[in-house]
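Examining the three-dimensional arrangement
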Amino acid sequence: MKKQGELLLPGDELSVIEEFMSGEGTYEYEGRVYASVVGKAFYDMINRKTNSISFKKPGLLSIKKAKYVLGIVNGMKEDSALVSIYSIEDKIISVPITAYIHISQISNKYLNSITEALKVGDVVRAKALNFSIPLPLTIKQKDLGVVFAKCSICGTKMIKKDEEHLRCPNCGNIETRKLALVTVKKGGN
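What this report covers is the structure whose coordinates are included nearby. Throughout this description, residue numbers start from 1 for each chain and increase along the sequence as written. With the structure being a predicted model, the display of local features is reserved for residues of pLDDT at least 70 and the display and counting of side-chain atom pairs for 80 or more, all residues being used for whole-chain, interface and lining totals. Calculation of side-chain values draws on the structure's entire complement of heavy atoms; hydrogens and water are dropped beforehand.

Turning next to the overall build of the chain. For the purposes of this entry, the term helix denotes a DSSP run of H or I that reaches at least four residues, the term strand denotes a run of E that reaches at least two, and both are numbered from the N terminus. Each helix and strand in the chain was counted, giving 1 helix and 16 strands. In terms of overall size, the chain is more extended than a compact globule, its C-alpha atoms giving a radius of gyration of 20 Å where 189 residues would be expected to give roughly 16 Å. Overall, the C-alpha framework of the chain stretches about 65 × 35 × 25 Å when taken along its three principal axes. Relative accessibility thresholds used throughout: buried, under 20% of the residue-type maximum; exposed, over 50%; partly exposed, between the two (1.4 Å probe, protein chains only). Looking at the chain as a whole, 38% of its 189 residues are labelled buried. Contacts: residue pairs with any heavy atoms within 4.5 Å of one another. Of the contacts formed within the chain by residues at least 6 apart in sequence, a portion of 46% connects residues at least 24 apart. Carbon and sulfur atoms provide 55% of the accessible area of the chain, an area that totals close to 10900 Å². In the chain, 28 positive and 20 negative side-chain charges are present, and the distance between their average locations comes to 10 Å. As defined in this context, the radius of gyration uses C-alpha atoms, and a globule is described by 2.2 Å times the residue total to the power 0.38. In short, Shrake-Rupley with a 1.4 Å probe defines the accessible areas, and a residue's cover is counted only from the protein chains shown. For the purpose of counting charges, residues Lys and Arg are taken to be positive, whereas Asp and Glu are taken to be negative. His and the chain ends are not included. Charged side chains are reduced to one point each, which is NZ for Lys, CZ for Arg, CG for Asp and CD for Glu.

Structure, rendered in structure tokens:
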């Protein structure tokens with residue numbers, strides 16, 4: 001067992017699950033708890049959890065104070081969209097931060113598929129839910145959501161048709177998105 005505050009590397013054994021459960025920055029494998037991130041050992045004696053508290057990154061510190069982030073959807077899974085964050089509020093960051101949006105954090109109404117609200121290549125305005133990597137995001141608020149999208153047929157910049165639909169001025173294709181209502185205006189400006 002590592003000492004409280006000791007430096008940890010991924011794979012370092014922290015405890016057995018009979019003593020402490022897996023907490024932040026750790027995982028359990030065959031009855032033992034291991035560090036999953038570089039950090040410091042922290043044993044929560046009240047909740048009986050062991051944690052590997054990772055070192056804070058400068059970008060994450062500024063996200064804590066930010067009202068929103070801007071990112072590009074660069075991948076889709078069945079229940080989440082993978083996002084690379086390139087801007088914290090209106091300040092561009094040098095190294096993109098990996099994030100994701102779970103389907104439950106898109107809208108208050110039921111979605112059959114995440115592709116009803118987001119597509120690869122969309123630029124989204126989102127808010128961080130907590131500050132671990134990958135960063136979980138939400139776009140549930142009215143001022144959060146897609147701020148720029150291209151037509152999935154011809155690649156032309158889409159324009160806003162109504163509160164949740166975009167229209168392609170080139171081919172007439174209509175697509176559904178979870179739009180950031182404050183940012184996206186009629187005409188796509």
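The next point concerns the packing of aromatic side chains. Here a Phe, Tyr or Trp ring, Trp counted by its six-membered ring, pairs with any other such ring whose centre lies within 6.5 Å, and the pair is stacked when the planes are under 30 degrees apart, edge-to-face when over 60, and tilted otherwise. Tallied over the entire structure, the rule returns 2 aromatic pairs. Judged by centre distance (5.6 Å) and plane angle (25 degrees), the rings of Y27 and Y34 are stacked. For the cation-ring pair, R48 lies above F20, with the distance from its terminal atom to the ring centre recorded as 4.3 Å. Placement of a positive charge over a ring is assigned whenever Lys NZ or Arg CZ falls within 6 Å of the ring centre and within 35 degrees of the normal to the ring plane. Just above the ring of Y68 sits the side chain of R125; from NZ or CZ to the centre is 3.8 Å.

Looking at the secondary structure, you find N170 in the loop between β15 (165–167) and β16 (174–176). On the basis of relative accessibility, which here comes to 56%, the residue N170 falls in the exposed class. Measuring from C-alpha to C-alpha, the distance between N170 and F20 comes to 60 Å, with 150 residues separating the pair along the chain. When residues no more than four places from it in sequence are discounted, the contact partners of N170 are C154 and T156.

This next bit is on the pairing of strand β8 (residues 69–76). Relative to strand β9 (residues 80–88), β8 runs antiparallel, the two sharing 7 bridges. Residue V73 lies in a different strand from β9, and its bridge partner there is V83. Pairing between two strands is assigned when DSSP locates at least 2 bridges connecting them. Relative to strand β11 (residues 123–128), β8 runs antiparallel, the two being bridged by 4 bridges. Within β11, the position partnered with I72 by the bridge is V123.

Purely geometric stuff here, so don't read any function into it on its own.
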